[in-house]
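# Structure at a glance
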Amino acid sequence: MIVMGYAFGHTLERYTTISPVVGMTLMGALCRTLVPVNFLENPTADAIDFHLRRIYPVIILTKGPLTWNWEYIKSNSVKVFSLATLPWIVECLSTAFFTHVLLGFPWYWGLHLGSILASVSPAVVVPTANALNAKGLGSKNQIALLVGNAGGLDTAFTEGMFGVINSAIFYPSAPIYRIVKALLAIFVGIGLGVAWGVLADILPDHNDLYAPTIRTLHIFSGGIFIMYAGGYFGWGGVSGVAVMVCACAAGTRWARRDWPTNNNPVAEVFKLLWRIFEPMLFTLSGYFLEVSGLTARDFGLFLACIFSALLIRMLTAFLVALANGLTIKESIFIAITWIPKAIVEAVLVRVATDSLWAEGSTAQDKWIAKQHSNIIVIAIILTTLLGSLGTTTLGPILLSRDTRISPAELSQPRSPSSPQSTDFVRANSTLDSLQYIDAQ
């Protein structure tokens, strides 16, 4: 099934502009619907899928920070952090409201689902944004860098907040302990991540022949350990934050030792791991869509909840981008790039059923946990499809006139210390930019 998902997803990408994520997830959903055998009923297969979902976050949350542009984030901190957090908060609360009103979910279940669906998936739209940037579209205000870095921080924010919310709801303990734990979880995760990341820089010596291998194993094994330990002790909010902060700390320190960000041996290993695990994640996640018990009314209400909250999110992202000095067309483009939901949602597709209380779960709780998976898979397929088509189709229209670098700007040299110098050199060296100058 995974092989078929990989083949179908990349075939779809090759002949259309649709992200392979859509094809992989859709293949899993079709296998669940058309194949009479349910592998989730096999304890061994179910256990394999369960433990794979402890590995996915380590790869995803390590790969992302190793590719962030910290100079850009420092120089545009307000723009990046506001775009990463405000739309997330609005959509999380909106999802809780609409699921409560339309589906009758208790508030805590709606908040739990909202903290999953509020995550954006920059991996779906960043390749398109980079391609547009290479053509001189969106280069003036560095739209590609904004989308990639703000989207990555949105994922980090999701991991921290979801871990806190999930542990506060499901971990059996006294209410006071839950509150204290929720307040401390993120700070504990930051402390652990910084310590482990600094250690990854100190040991082994930077010039050691086996430094790339040892550092990769160091970060990967530490991430796996904290994922299982955090889940076991009910400190889920610590795990994701610790893994991301570890990668951030290590990558920042390595950059000072001639291992450039996004171009060092460890980052390349995690990119390769992601190419291997990506079809597993999305194909197996699509398998959790169970349509046999769904009615047309249920499906319609699911869509209403997903897209009502999404529209409010897009409006928030548009206003945040506009408030940070982007043009109207650029702000519309940012709102479109904030549509896709994929990676975090796929990782957490079964978390509701896995986290249910062993004792005290009502029939309504079990039904809601099951519908969590259905809503998440539907959201992945539809929002990724719309987001990938929207950025590819509307990107050249929205960014062509307002954000192309003018010939005067292209011919004006920038200082090497400028955070835009790298993008300037890249844009200035492409055939499309030269053709644009020639046309002018």
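Looking at an unreviewed UniProt entry, one finds the chain named Sodium/hydrogen exchanger 9B2-like isoform X3 and attributed to Bicyclus anynana. Taken from UniProt, the Subcellular location (unreviewed entry) comment for the chain reads in full: "Membrane". In the Sequence similarities (unreviewed entry) part of its UniProt record, the chain is described as follows: "Belongs to the monovalent cation:proton antiporter 1 (CPA1) transporter (TC 2.A.36) family."

### Here's the deal with the UniProt feature "transmembrane region" (unreviewed entry) in the chain
Following the UniProt record, one finds the feature "transmembrane region" (unreviewed entry) at residues 80-103, 179-199, 219-251, 301-320, 332-353 and 373-399. Across residues 80-103, helical content stands at 96% and strand content at 0%; the span's end C-alpha atoms are separated by 34 Å. Spanning residues 373-399, this segment combines 100% helix with 0% strand, and its end C-alpha atoms are found 36 Å apart.

### Some words on the packing of helix H14 (residues 328-337) against helix H17 (residues 363-399)
Where H14 contacts H17, the two axes come as close as 9 Å, and the packing angle between them is 170°. Considering the angle they form, H14 stands roughly antiparallel to H17. Seen from H14, the contacting residues are Lys329, Glu330, Ile332, Phe333, Ile336 and Thr337; seen from H17, they are Gly387, Gly390, Thr391, Leu394, Gly395, Ile397, Leu398 and Leu399. Residue composition of the contact of H14 with H17, grouped by class: seven nonpolar, five polar and two charged.

### Section: helix H3 (residues 43-63)
Residues that lie three or four places apart on an α-helix share one face, since the helix turns once every 3.6 residues. Between the first and last C-alpha of H3 there are 31 Å, a value that for 21 residues agrees with the 30 Å anticipated at 1.5 Å per step. Along H3, the residues classified as buried are Asp49, Leu52, Arg53, Tyr56, Pro57, Val58, Ile59, Ile60, Leu61 and Thr62. The distance from a side-chain oxygen at the start of H3 to the backbone nitrogen of Thr44 is 2.9 Å, and the residue carrying that oxygen is Asn42.

### Concerning the layout of surface pockets
A volume near 760 Å³ is recorded for the second largest pocket. Mapped by element, the contributors of at least two residues to the lining of the second largest pocket are H3, helix H8 (143-170), helix H10 (211-233), helix H11 (236-255) and helix H16 (351-355). Here the lining of the second largest pocket is built from residues that sort into 16 nonpolar, 10 polar and five charged.

### A closer look at the side chain of Arg350
For Arg350, the location among the structural elements is in the loop between helix H15 (343-347) and H16. Given the relative accessible area of 6%, Arg350 is considered buried. Separated by 3.2 Å, the side chains of Arg350 and Asp46 make a polar contact. In this structure, Arg350 is in contact with Asp46, Asp49, Phe50, Arg53, Phe288 and Ser373, ignoring residues within four places of it in sequence.

### Here's the deal with the packing of helix H6 (residues 107-117) against H8
One can describe the packing of H6 onto H8 by two numbers: an axis separation of 9 Å at closest approach and a directional angle of 155°. Taken as axis vectors, H6 and H8 run roughly antiparallel relative to one another. Along this stretch, H6 crosses H8, giving a crossing that reads as left-handed. On the side of H6, the interface is formed by Tyr108, Trp109, Leu111, His112, Ser115 and Ile116, while H8 contributes Thr158, Phe162, Ile165, Asn166, Ile169 and Phe170. Residue classes in the contact of H6 with H8 are distributed as eight nonpolar, four polar and no charged.

### Observations regarding the environment of Leu398
Note on placement: Leu398 falls in helix H17. According to the relative accessible area criterion, Leu398 is buried, its value standing at 11%. Placed 67 residues apart in sequence, Leu398 and Ser331 show a C-alpha to C-alpha distance of 9.1 Å. Discounting chain neighbours no more than four positions away, the residues touching Leu398 are Lys329, Glu330, Ile332, Phe333 and Ile336.

Reading the values: the criteria
- Residue positions within a chain follow its written sequence, with the count starting from 1.
- Local features in a predicted model are, by the rule used here, given only for residues with pLDDT of at least 70; side-chain atom pairs are given and counted only at 80 or more, and totals for whole chains, interfaces and linings are based on all residues.
- To get the side-chain values, take all heavy atoms of the structure and skip hydrogens and water.
- UniProt positions are given in the numbering used here, feature names are shortened, and annotations may be inferred rather than shown by experiment.
- Each helix is a run of DSSP H or I of at least 4 residues and each strand a run of E of at least 2, with the numbering of both proceeding from the N terminus.
- The axes are straight lines fitted to the C-alpha atoms, using for helices just the contacting stretch, and the angles between their N-to-C directions are given from 0 to 180°.
- An angle below 35 degrees is read as roughly parallel, one above 145 as roughly antiparallel, one from 65 to 115 as roughly perpendicular, and any other as oblique.
- Contacts are residue-level and defined by heavy atoms, with any inter-residue pair within 4.5 Å sufficient.
- Following the grouping adopted for this structure description, the nonpolar residues are Ala, Val, Leu, Ile, Met, Phe, Trp, Tyr, Cys and Pro, the charged ones are Asp, Glu, Lys and Arg, and the polar ones are all others, Gly among them.
- The length a helix should cover is 1.5 Å for every residue beyond the first.
- Categorising residues by exposure relies on relative accessible area from a 1.4 Å probe, with only protein chains included: less than 20% of the type maximum marks a residue as buried, more than 50% marks it as exposed, and the intermediate range marks it as partly exposed.
- A 3.5 Å cut-off defines polar contacts: any pair of N or O atoms within that distance qualifies, except that in protein one atom must be a possible hydrogen donor and the other a possible acceptor, and neighbouring residues in sequence count only when both atoms are side-chain atoms.
- Here the term cavity refers to a set of points on a 1 Å grid, laid over the protein atoms alone, in which a 1.4 Å probe fits but cannot get out; the term pocket refers to an open set having protein on both sides within 12 Å along at least five of seven lines, with lining residues being those that place an atom within 4 Å of a point.
- Grid points are joined across faces, edges and corners, and a volume is the space filled by probe spheres set on the points.
- Handedness of a helix crossing follows the sense of rotation of the near helix relative to the far helix, less than a right angle counterclockwise being left-handed and clockwise being right-handed.

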